[in-house]
Amino acid sequence: MQNPMNTKLYGGPEVEAIKDWGVNSPNATGWGEIFTLLQGHYFATIFAVIVILVPLAFLAHFIVVGQKKFSHGRKIKVFSRYNIIVHWCAAIPFVILCLTGLVMVFGDKLGGGGFVRFARDVHGIVTILFAIFGILMFLMWVKPALFKLYDIKWLMIMGGYLSKEKRPIPAGKFNAGQKMWFWVCTLGGFMMIISGVFMFFQFSDIETLRIMALVHNVIGFLIIALLITHIYMAVFAIEGALSSIIDGNMGEEEIAILHSYYYQEINKA
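Here the focus is the overall build of the protein chain. Within the protein chain, the secondary structure is distributed over twelve helices and two strands. In sequence order, the secondary structure elements of the protein chain are arranged as α-α-α-α-β-α-α-α-α-α-α-β-α-α. Evaluated residue by residue, the protein chain yields a buried proportion of 39% over its 269 residues. Long-range pairs, those at least 24 residues apart, make up 76% of the contacts in the protein chain with a sequence separation of at least 6. As presented, the protein chain carries roughly 15,300 Å² of accessible surface, and 71% of it is formed by carbon and sulfur atoms.

Following this line, the structure appears as structure tokens:
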């Protein structure tokens, strides 16, 4: 049945158009061949590698380097109630988007059917929530997330996470890793929304939809890898780190060591 809402995609001879999708097809044009190759043979495999190897890498880090622990004496207010609410209202839909997205990626391995369709529907609904609170989070933290010259030093020493030694790390309120995650989560997330809308409503020609699908998957690789990293850092790498975005407080020693430039700013204020 043709879709009257999209004559560019469904208005022509569909069977003839499918010839362009085949790998090494003599009639292949535009992005049809590369899209079919990547979508059919590589994307799911790359996602599987990320989901398996990234956690294993952090498990090795936890075993070899271990968890950073700091004194839980004096607490300093770092995040306001508004910061906390906006963060979680953006974070929860974002995680659901990632999980339901993976369900769709591995849909054939999960048996397809109602469960995958349910994941697709949830994916669409929570996209709206993330679009709203993602914008609020972007506006809320865009200034402290801007990169500084000292972030280069942080990257050179990998934030001190490869060492058990406690020494001041060059970082502001957000370190370079958190800043990278912020930009990938927000700008990358917004690009995922745009490409996802194109694919969901299919209000474009087939070539544009192929490009949007490629963009959606490639950004998805980065987002899944960094989401796992963010969760590991917040829950396992630093003892009690997660509590800072729950009650807004962070231990003074943790700030002095892991966010030394921010600690200097606090003391000058």
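Moving on from the model shown.
Let's shift gears to the side chain of S195. With respect to the element layout, S195 can be found in helix α8 (residues 176-201). In this structure the side chain of S195 is engaged in a polar contact, spanning 3.1 Å, whose partner is the backbone oxygen of M192. If sequence neighbours within four positions are ignored, S195 has contacts with M212 and H216.

Tallied over the full model, the rule gives 17 aromatic pairs. Aromatic pair Y232 and F236: ring centres 6.2 Å apart, planes at 25°, arrangement stacked. Here F236 and Y232 lie together in helix α9 (residues 206-237), a separation of four residues that amounts to about one turn. With relative accessibility at 6%, the residue Y232 sits in the buried group. Taken together, the aromatic side chains of F94, F130, F138, W181, F182, W183 and F190 make up a single cluster linked through ring pairs.

Our next topic: unusual backbone geometry. Phi is positive for M158, close to 55°, though the residue is something other than glycine. Among the residues examined, M158 registers a relative accessible area of 44% and is labelled partly exposed.

The next point concerns the environment of Y232. Between the C-alpha atoms of Y232 and F58, which are 174 residues apart in sequence, the distance is 7.3 Å. Ignoring sequence-local partners within four residues, the contact set of Y232 consists of F58, H61, F62 and A237.

Rules behind the numbers
Residues numbered from 1 in each chain as written. Predicted model: local features only at pLDDT ≥ 70, side-chain atom pairs only at ≥ 80, totals over all residues. Heavy atoms only, no water. Helix = DSSP H or I, 4+ residues; strand = E, 2+ residues; numbered from the N terminus. Buried < 20%, exposed > 50% of the residue type's maximum accessible area, 1.4 Å probe, protein only. Contact = heavy atoms within 4.5 Å. Areas by Shrake-Rupley, 256 points an atom, 1.4 Å probe, with all protein chains shown as cover. Polar contact = N/O pair within 3.5 Å; in protein donor to acceptor, adjacent residues only side chain to side chain. Phe/Tyr/Trp six-rings, centres within 6.5 Å; stacked < 30°, edge-to-face > 60°.

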